[in-house]
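Fold and contact review
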Amino acid sequence: MEANNDLNLKSPLLGSKNGEVNITIENDVVCGDGLDGQIGSDPFDPFGFLSVGSLQVPVLYTIDPFKNRTARIEGVYEWVKMLVCLPVALVRVVLFGLALFIGYLATKVALHGWVDRRDPMPRWRCRVMWVTRVCARCILFSWGYHWIKRKGRPAPREIAPIVVSNHVSFIEPIFFFYELFPTIVASDSHDSLPAVGTIIRAMQVIYVNRTSPLSRKFAVDEIKRKASSDQFPRVLLFPEGTTTNGRSIISFQLGAFLPGYPIQPVAVRYPFVHFDQSWGHISLGMLMFRMFTQFHNFMEVEYLPIVKPPENQKENARRFAERTGYAIASALNVVQTSHAYGDVMLLMEAAEMKQENPSRFMVEMAEVESAYHISNQEALDFLHMFLSMNPDNSGCVMLPDFTRVLRLKSWIFSEKIFAFLDVEKYGRITFKQFLCGSLHVLKSPLFRHACEVAFSSMSTRDSYVSKQEFRDSVGLFVPNISNDEVSDLFNMFDHDRDGKVSKDDFFDCLRRNPLLIAIFSPLLQDLSETNQREAAGVNRLNIIY
């Protein structure tokens, strides 16, 4: 058979031992009856003055990488098994509590009097921590992990000072603590966990705050410092940044790859028939209860060949991360997607807002962040706006709800703005289309200048725009707009309700609702004509040269 040379890092990986095949179906969200599906078929562009071009929305993978497939207890067999295992579960709970208590005491002894924790842990303290490590193995035993299948071996620390693994459950950190006793990189929120926080500190943890650039930079510096010295244990990271269901590898954060040291990837899998052990769409208490009431839980750990950093500097940390992720995905026979922790935040927010299909609101945040350089909080703000449009069960919004929330009168230009987002011409838009379309406008190099021109064109006082000035300007483009409609739109800009729109109010509203810049297009004709002249000048230069 001829080899396929078109495979890339995100290609589905076939030929697994269990015969599982992952299939990606494009355009899974079918909203309405559908039209011809042509992108950019309408020659009229409501944002032409920004020179943003037509909107292109990447296809979303149909996979939900965070969904636990057995979140609910179903089937006679599972209920009977749980009832039979209840007496055993009580014994396991006692073992769990005893092991946790002894491990906690041993850790307190190991940490007692240790002042300068930036230095490597002294040997005698490491020996005391062996008690805690054995207790960790007892905890895994109490959860039904009586034996754990291993394939391959950990590379010597001096050869591969950094270990990365896929992250499926809270089980992997406990296993690696017992197996390797590494320095772990973890969220700073873990420090406050009872008993567990103390044990994590004994691992000389590197804490990181996801939302703080300074914290992330400090974490990278600490990874580099500890990886460079053989006096420290290995550094362990879960670069996905959150737990998945193990059926795909989501995008890797770059902290493990920026220092430029060889990395040993580890693939962890949990074979199951009736009980999915992944920590997603299920509470921690329920997951632990299900573990206690299983006959046995299976876990397989595969140590993979070392992935070396690039010899030339042309290959950046992102490419290094992709190669490492590809190695783990190949071992697990799963695909790589561009989902990230931001998608978990979107998923949780949609679930909290009682959406029927919260997974419809994931957008593969790593891809969106790379294209538009936005934060997770900004994505959440756009989600709140979208959810106020009352999306249907498929996660789509129709034109009437779109215009209602944005205070746009239902007329031909409102339809053009909506059509700009509706790239597939289904008559409805998804959250990803709304988000990418809004960011496509917001991140235009000319967006801020357009806001300044629009404000200065409306205002005769430079400092604010009155309601009458606002009405006169909007009336140039919105035909037969009523006083109530002007008031609704004006109130969106008048955030502090003082009866006038300051420059800060105006800019803040357009940052939150960038699509509204289109209603000021009559005031931006000079900007549009300038763009056309510049484009024509570039074309003439191209012809000359």
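Look above for the structure.
This report concerns the structure included in the present document. Note that the coordinates shown come from a computational prediction; the quantities given were computed from them, not determined experimentally.

**A look at the overall build of the protein chain**
Scanning the protein chain from terminus to terminus reveals 18 helices and 13 strands. Burial statistics for the protein chain: of 545 residues in total, 49% are counted as buried. A separation of at least 24 residues holds for 73% of the contacts in the protein chain among residues at least 6 apart in sequence. If you sum the accessible surface of the protein chain, you get close to 26,900 Å²; carbon and sulfur atoms cover 56% of it.

**Quick notes on the pairing of strand β7 (residues 263-269)**
The buried fraction of β7 is high, at 6 of 7 residues. Pairing of strand β2 (residues 162-165) with β7, which is carried by 4 bridges, proceeds in the parallel orientation. Directly across from Val163, in β7, lies its bridge partner Gln264. Here 4 bridges tie β7 to strand β8 (residues 300-303), and the two strands are oriented antiparallel to one another. The residue bridging Val266 from the neighbouring strand is Tyr303, located in β8.

**Focus on the sheet that holds strand β5 (residues 235-237)**
Spatial ordering of the open sheet is given by β1-β8-β7-β2-β5-β3-β4, a layout of 7 strands whose pairing is mixed. Of all strands in the sheet, those with a lone pairing partner are β1 (149-151) and β4 (206-208), marking the two edges. On average, adjacent strands in this sheet sit at an angle of 20° to one another, irrespective of strand direction. Examined bridge by bridge, strand β3 (residues 183-187) and β5 share 2 bridges and lie parallel to one another. Opposite Thr183, over in β5, you have Val235 as the bridge partner. Along the sheet, helix α3 (residues 171-179) contacts β1, β2, β3, β5, β7 and β8; its crossing angle with β8, the most-contacted strand, is approximately 60°.

**So, the packing of helix α9 (residues 365-372) against helix α13 (residues 431-442)**
In contact at an axis separation of 11 Å, α9 and α13 are set at 10° when each is read in the N-to-C sense. Compared by their axis directions, α9 and α13 come out roughly parallel. Handedness of the crossing formed by α9 with α13: right-handed. Along the contact surface, α9 presents Glu367, Val368 and Tyr372, while α13 presents Lys432, Leu435, Cys436, Leu439 and His440. Here the contact of α9 with α13 is composed, by residue class, of 5 nonpolar, 1 polar and 2 charged.

**Structural notes on the nonpolar core**
Most often, soluble globular proteins keep nonpolar side chains buried together rather than apart. Formed by 72 residues in total, the largest nonpolar core has its most connected members in Phe402, Phe434, Phe493, Phe506, Ile517 and Phe520. Once residues lying within four places of it in the same chain are set aside, the contact partners of Phe434 are Phe382, Met385, Phe386, Met389, Phe402, Leu421, Ile429 and Leu515. Membership of the second largest hydrophobic core comes to 46 residues, among which are Met121, Ala136, Val168 and Met203.

**Overview of the pattern of salt bridges**
The full count for this structure, using the stated rule, is 19 salt bridges. Taking the shortest distance from any N to any O, the salt bridge between Arg511 and Asp508 comes out at 3.9 Å. Linking Arg511 with Asp508, this pair stays in helix α17 (residues 503-512), spanning 3 residues, or about one helical turn. Classification of Asp508 by relative accessible area gives partly exposed; the value is 26%. A salt bridge links Arg512 to Asp508, with the shortest nitrogen-to-oxygen separation between them at 3.1 Å.

**Some thoughts on helix α1 (residues 76-111)**
Relative to the 52 Å expected for 36 residues at 1.5 Å per residue, α1 spans 48 Å between its end C-alpha atoms, a close match to the ideal helical length. The sharpest bend along α1 reaches about 50° and sits at Leu86, with the proline Pro87 one to four residues further on. Among the residues trailing α1, Gly113 stands out with phi positive, at a value near 80°.

**Examining the environment of Val131**
Tracing the backbone shows Val131 in helix α2 (residues 123-142). With relative accessibility at 39%, the residue Val131 sits in the partly exposed group. In the structure, Val131 is positioned 47 residues away from Tyr178 in sequence and 9.9 Å away in space, judged by C-alpha atoms. If we skip the residues at most four places from it in the chain, Val131 touches Ile102 and Ala106.

**Quick notes on unusual backbone geometry**
Residues other than glycine seldom take positive phi values, yet Gln204 does so here, at roughly 55°. As for its placement among the helices and strands, Gln204 is situated in the loop between α4 (196-202) and β4. Although it is not a glycine, Glu364 sits at a positive phi angle of roughly 60°. In this structure, Glu364 sits in the loop between α8 (341-352) and α9.

**Topic: the packing of aromatic side chains**
Taken as a whole and judged by the stated rule, the model has 25 aromatic pairs. When the centroid spacing of 5.3 Å and the interplanar angle of 65° are considered together, the rings of Phe402 and Phe418 count as edge-to-face. Note that Phe402 is positioned in helix α11 (residues 399-405) and Phe418 in helix α12 (residues 412-421), a separation of 16 residues in sequence. Phe402 sits in the buried class, given a relative accessible area of 0%.

**A short note on the side chain of Arg133**
For Arg133, the location among the structural elements is in helix α2. Although Arg133 is buried, it forms no salt bridge, and the closest oppositely charged side chain is Glu179 at an N-O distance of 7.1 Å. Ignoring any residue separated from it by four or fewer positions in sequence, one finds Arg133 in contact with Phe177, Tyr178, Glu179, Leu180 and Phe181.

**Remarks on the pairing of β2**
The alternating pattern of β2 places Ile162 and Val164 and Val163 and Ser165 on opposite faces, both of which are buried. Alignment of β2 against β5, held across 3 bridges, turns out to be parallel. In the sheet register, Val163 faces β5, and the bridge partner there is Leu236.

Conventions and cut-offs
- Residues numbered from 1 in each chain as written.
- Predicted model: local features only at pLDDT ≥ 70, side-chain atom pairs only at ≥ 80, totals over all residues.
- Heavy atoms only, no water.
- Helix = DSSP H or I, 4+ residues; strand = E, 2+ residues; numbered from the N terminus.
- Buried < 20%, exposed > 50% of the residue type's maximum accessible area, 1.4 Å probe, protein only.
- Contact = heavy atoms within 4.5 Å.
- Areas by Shrake-Rupley, 256 points an atom, 1.4 Å probe, with all protein chains shown as cover.
- Pairing = 2+ DSSP bridges.
- Axes fitted to C-alpha atoms, helices over the stretch in contact; angles between N-to-C directions.
- Parallel < 35°, antiparallel > 145°, perpendicular 65-115°, else oblique.
- Left-handed = near helix turned anticlockwise from the far one by under 90°.
- Nonpolar A, V, L, I, M, F, W, Y, C, P; charged D, E, K, R; others polar.
- Core = buried A, V, L, I, M, F, W, Y, C linked by side-chain atoms within 4.5 Å.
- Salt bridge = Lys/Arg side-chain N within 4 Å of Asp/Glu carboxyl O.
- Expected span 1.5 Å × (residues − 1).
- Bend = angle between axes of the 7 residues up to and from the residue.
- Phe/Tyr/Trp six-rings, centres within 6.5 Å; stacked < 30°, edge-to-face > 60°.
- Lys, Arg positive; Asp, Glu negative; His and termini not counted.

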